[in-house]
Structures are given as structure tokens and as C-alpha cells.
Amino acid sequence: MSLVSLFVAATFYASPGTNQTPSTADAATIAAIEATCYDYIDGQLEADPKRVARSLHPDLAKRAVIGDTPDERLGLRRMSKEELVNLTKAGALKTPKAEWSRTCTVLDVTDKAASVRLETPWFVDYFHMGRFEDRWIIVNALWYSKPKKSS
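A brief structural summary. Keep in mind that what you see is a predicted model, and the values were worked out from it rather than measured.

1. So, helix α2 (residues 27-46)
And step 1. Counted at 1.5 Å a residue, the expected span for α2 with its 20 residues is 28 Å, and the 27 Å between its end C-alpha atoms agrees.
And step 2. When we look at burial in α2, the residues that qualify are Thr29, Ile30, Ile33, Thr36, Cys37, Asp39, Tyr40, Ile41, Asp42, Gly43, Gln44 and Leu45.
And step 3. Sitting at the head of α2, Asp26 places a side-chain oxygen 3.1 Å from the backbone nitrogen of Ala28.

2. Remarks on the packing of aromatic side chains
And step 1. Enumeration according to the criterion identifies one aromatic pair in this entry.
And step 2. Taking the centre distance of 4.8 Å and the plane angle of 75° together, the rings of Tyr40 and Phe127 count as edge-to-face. Placement of Tyr40 in helix α2 and of Phe127 in strand β5 (residues 123-132) is noted, with a sequence separation of 87 residues between them. For the residue pair Tyr40 and Phe127, the accessibility class agrees, reading buried in each case.

Analysis parameters
Residues numbered from 1 in each chain as written. Predicted model: local features only at pLDDT ≥ 70, side-chain atom pairs only at ≥ 80, totals over all residues. Heavy atoms only, no water. Helix = DSSP H or I, 4+ residues; strand = E, 2+ residues; numbered from the N terminus. Expected span 1.5 Å × (residues − 1). Buried < 20%, exposed > 50% of the residue type's maximum accessible area, 1.4 Å probe, protein only. Polar contact = N/O pair within 3.5 Å; in protein donor to acceptor, adjacent residues only side chain to side chain. Phe/Tyr/Trp six-rings, centres within 6.5 Å; stacked < 30°, edge-to-face > 60°.

Below, the structure written as C-alpha cells:
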């Protein structure tokens, strides 16, 4: 395949016009993406497993980088939807509403995918969301814990 043919094919498959920045995506799309993000975090802060579960894809891949361990090179802490819902049931992050501090920032949007940054005092999550019909769902999450503040 010639370089020109490759460029034409890449341009065709990139589907220009479907990518949107948060500033060009319609308000309803941004609101729906943010609602999913807030279901995820607010559900944990309220200890509401149903709210958390509805924000997550059944095949959720939630990971944190832990680095090399004696058993694994380039180690990841892995968590499934079921584990996260069970932690929510147990109240692992239950926090009085007066102490909530969280932000959801939509970073990028296409017609079927979005990237979102969630920040709390304890951790940051980067989400990949997918749009399934009219519903946005978290498919992947990469997170890290913030350093504990010394008292």
C-alpha cells in the first residue's frame, strides 16, 4: 500500500467530525457523562451499592499501578465491578455529606466514548466511559491514591 493510500485510509477510518471536545459536546451529553461519574463516587460516599453498580460495565477493569512485586513485573492492583460494589456495601468510603469534596472533569468526548477525571481528597480516577444506547457506563478506570496529609 502506498503512503498516499495509507493516509487516505487512515483519514477515512478516523471519522472526522465525530470527536468532540468537552466545549463542543452538547450540554446533555456532558451532563449524562458527569451523572455517571457522580453515581460512581457519590454512591460510594453514601454506601449505596445500587448507585455504584449502575455506573459500571459488567466487565469493568479498575486498576492501580503498584509496580514490580516479588510475584509480578509491572504489577497492577486489579478490581472488578463485584469487588467495588462489595466494598461499597461494606461502607469502605462512607463519608458524611458535609465532608464531600469531589470533582468530575470531562476530558474528551466522541459519540461512543469519553475520558473523565474524578478527583477526591483520597484518590484520582481516570475513566474510559462507553455510551451504550443512551447510557454512559464506566468501562475502564486507572486510579491512584493521593499521599496522606500529615497531621
